[in-house]
Amino acid sequence: MSSNSRSGKSPKGVIFGPVSSRRLGLSLGIDLLPAKVCSHDCVYCEVGRTTLHTCERREYIPTSRIVGELENFLTAPFCAPDCFTITASGEPTLHSGFGRIIRLLKEKAGRPVVVLTNATTITDAEIRRSLCLADIVVPSLDAASETAWRRVNRPARGCPAPAEVIDGLARFRQEYGGEIWLEILLVKGLNDSEAELAALARAASTIRPDLVQLNTVVRPPALDTAFPLSADDLNRAGRHFPGRVEVIAAPRIKGRGGGEADIERRITGMVSRRPCPAEEIAQALGLALPRVEPMLAALVGEGRIREKKHQGRRFFVNV
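Analysis parameters
Throughout this description, residue numbers start from 1 for each chain and increase along the sequence as written. Residues qualify for local features only when their pLDDT is at least 70, as the model is predicted, and side-chain atom pairs are given and counted only at 80 or more; totals for whole chains, interfaces and linings, by contrast, use all residues. Only hydrogens and water are removed before side-chain values are computed, so all heavy atoms of the structure are retained for them. Each Phe, Tyr or Trp ring (for Trp, its six-membered ring) is paired with any other whose centre lies within 6.5 Å, and the angle between the two planes then decides the class: stacked below 30 degrees, edge-to-face above 60, tilted in between. By the criteria applied, helices consist of DSSP H or I runs no shorter than four residues and strands consist of E runs no shorter than two, each listed in order from the N terminus. Burial classification: accessible surface area is computed with a 1.4 Å probe over protein chains only, and a residue below 20% of its type maximum counts as buried, one above 50% as exposed, and the rest as partly exposed. Given the number of residues in a helix, its expected span is that number minus one, multiplied by 1.5 Å. A contact between two residues is defined here by any heavy atoms of the two lying within 4.5 Å. Side-chain atoms within 4.5 Å link the members of a nonpolar core, which is a set of buried Ala, Val, Leu, Ile, Met, Phe, Trp, Tyr and Cys residues. Any pair of N or O atoms that falls within 3.5 Å is considered a polar contact. Within protein, one atom must be able to donate a hydrogen and the other to accept it, and sequence-neighbouring residues count only if both atoms are side-chain atoms. Think of it this way: DSSP has to see at least two bridges between two strands before they count as a pair.

Trainee: Looking at this structure, I do not really get the packing of aromatic side chains. What am I missing?
Mentor: Two measures describe an aromatic ring pair: the distance that separates the ring centres and the angle between the ring planes. Following the criterion strictly, the structure yields 3 aromatic pairs and no others. Here Phe73 and Phe78 contribute two aromatic rings whose centre-to-centre distance is 5.0 Å and whose plane-to-plane angle is 75 degrees, an arrangement assigned as edge-to-face.

Trainee: Got a minute to help me understand the environment of Arg202 in this structure?
Mentor: With respect to the secondary-structure elements, Arg202 resides in helix α7 (residues 194–207). Arg202 sits in the exposed class, given a relative accessible area of 56%.

Trainee: For this particular structure, what's the right way to read α7?
Mentor: Side chains three or four residues apart in an α-helix point the same way, a direct result of the helix having 3.6 residues per turn. The end-to-end C-alpha distance of α7, which contains 14 residues, comes to 20 Å, matching closely the 20 Å that a straight helix rising 1.5 Å per residue would cover. Where α7 is concerned, the buried positions are Glu196, Leu197, Ala199, Leu200, Ala201, Ala203, Ala204 and Ile207. Buried positions along α7 lie against α5 (146–152), α6 (162–175), β8 (179–186), β9 (211–216) and α8 (231–238).

Trainee: So what exactly am I meant to see when it comes to the nonpolar core here?
Mentor: The tendency in soluble globular proteins is for nonpolar side chains to be buried side by side. One finds Ile86, Ile101, Leu105 and Phe241 to be the most contacted residues of the largest nonpolar core, which totals 49 residues. A total of 6 residues in this core trace back to one element, the largest contributor, which is α7. Excluding residues within four positions of it along the chain, Ile101 makes contact with Ile30, Leu32, Thr63, Ile66, Val67, Leu70 and Ile86. In terms of nonpolar packing, the next biggest core, distinct from the first, is built from 19 residues, Ile281, Ala282, Leu285 and Met295 among them.

Trainee: Just checking my understanding: could you explain the environment of Asp41 for this structure?
Mentor: Mapped onto the fold, Asp41 is located in the loop between β3 (37–38) and β4 (52–53). Among the residues examined, Asp41 registers a relative accessible area of 7% and is labelled buried. A sequence separation of 133 residues divides Asp41 from Gln174, and the C-alpha atoms of the two residues are 29 Å apart. Contacts of Asp41, omitting those with residues within four sequence positions, involve Lys36, Arg49, Thr50, His53, Val152, Asn153 and Arg154. Polar side-chain contacts of Asp41 include one of 3.0 Å to the backbone nitrogen of Thr50.

Trainee: Teacher, can you tell me more about the side chain of Thr216 here?
Mentor: Within the secondary structure, Thr216 sits in strand β9. There is a polar contact of 2.9 Å between the side chain of Thr216 and the backbone nitrogen of Leu229. Not counting residues up to four positions away in its chain, the partners in contact with Thr216 are Leu185, Leu186, Phe227, Pro228, Leu229 and Leu234.

Trainee: Can you walk me through the pairing of β9 in this structure?
Mentor: Burial runs high along β9: 6 of the 6 residues are buried. Here β9 shows two buried faces, one formed by Leu211, Gln213 and Asn215 and the other by Val212, Leu214 and Thr216. Bridging between β8 and β9 involves 6 bridges; their strand directions are parallel. Residue pairing in the sheet places Glu183 in a bridge with Gln213 of β9. Pairing between β9 and strand β10 (residues 245–247): 3 bridges, direction parallel. By the bridge assignment for β10, Val212 is matched with Val245.

Trainee: How should the pairing of strand β12 (residues 313–318) be read in this particular structure?
Mentor: A regular strand places its side chains on the two faces of the sheet in alternate fashion. Sheet topology note: the strand β11 (residues 305–310)/β12 ladder contains 6 bridges and is antiparallel. Note on β12: the bridge partner recorded for Lys309 is Arg314. A loop of 2 residues connects β11 with β12, the two strands running antiparallel in sequence, and Gln311 in this loop sits at a positive phi of about 50 degrees.

Trainee: How should I be thinking about α6 in this particular structure?
Mentor: An ideal rise of 1.5 Å per residue puts 20 Å on 14 residues; α6 measures up with 20 Å between its terminal C-alpha atoms. Among all positions of α6, only Pro162, Val165, Ile166, Gly168, Leu169, Ala170, Phe172 and Arg173 are buried. Lining the buried residues of α6 we find α4 (125–131), β7 (136–139), α5, β8 and α7.

Trainee: Would you take a moment to explain the side chain of Glu280 for this structure?
Mentor: Along the chain, the position of Glu280 falls in helix α10 (residues 278–285). Note on Glu280: relative accessible area 8%, which makes it buried. Apart from the residues lying within four places of it in its own chain, the contact partners of Glu280 are Ser20, Arg219, Met270 and Arg274.

Trainee: When you look at the environment of Gly178 in this model, what are you seeing that I'm missing?
Mentor: For Gly178, the position within the fold is in the loop between α6 and β8. Classification of Gly178 as buried rests on a relative accessible area of 18%. Here the alpha-carbon distance between Gly178 and Val317, two residues 139 residues apart in the chain, equals 34 Å. Other than its neighbours up to four places away in sequence, Gly178 contacts Asp135, Arg173 and Asp210.

Here it is as structure tokens:
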């Protein structure tokens, strides 16, 4: 096993974390793509602008490399995550080895397997069969109309339209016995009108997810013109939807500490994936905030991470 894997720092594009997830607790991420390969170029994306805007499925990172990293971790884990989350610096189902990765985790990981997807490949029966192996699938649906979809998600040429995605998710619901958590991210002035919310509510009724999760812009977005909804507006939006509805709240955290070098590596690994506030970093590491703050200041001073303000909050980001 490599020292990188043992420390929690793998080559970028494979294992990362563990990170604190507001939804899933302590999650070990598996990133199947280089930054940033995606079928969407969402205005709110915390990863940044899409650099390869595509719907093409292929082996963007060698599947053998991903399998090797996972097998190394499973042989000698450096943490005990609550779950394994298949994600990407983009859309994970674009990786042609996606199904093989899920099967490996289900056979060997002994923890729930979660998949985060923008659902642009859900019309593909092969993708749906692979997703059926996961314990929880979290598809995104930010718009039910083509106008809002193009404003918020900015799809690549050849992406299925919202009506096709909704139909694909409804088919998936019929085929899948696990949990579907439908995430809807609302951006002020782009997809939060009464008409859009009503259309999204009709889509949710068709899809029949186990849970609808409403989110908004909480980290520095790809475009500075993407603004969040207030808590009151999110709660009002939630009243449009059938069944269980959750407005995304603070993370549920479990964490563990480590040596100074290990902690620094984990901090730089976390912020290389997404902007993180100091409180979230401390919680993910299982450390008190007063211990973490000086380390963050030192890393900023050394030029290894940087600080960025967004909506009055401090985030730490990759250099």
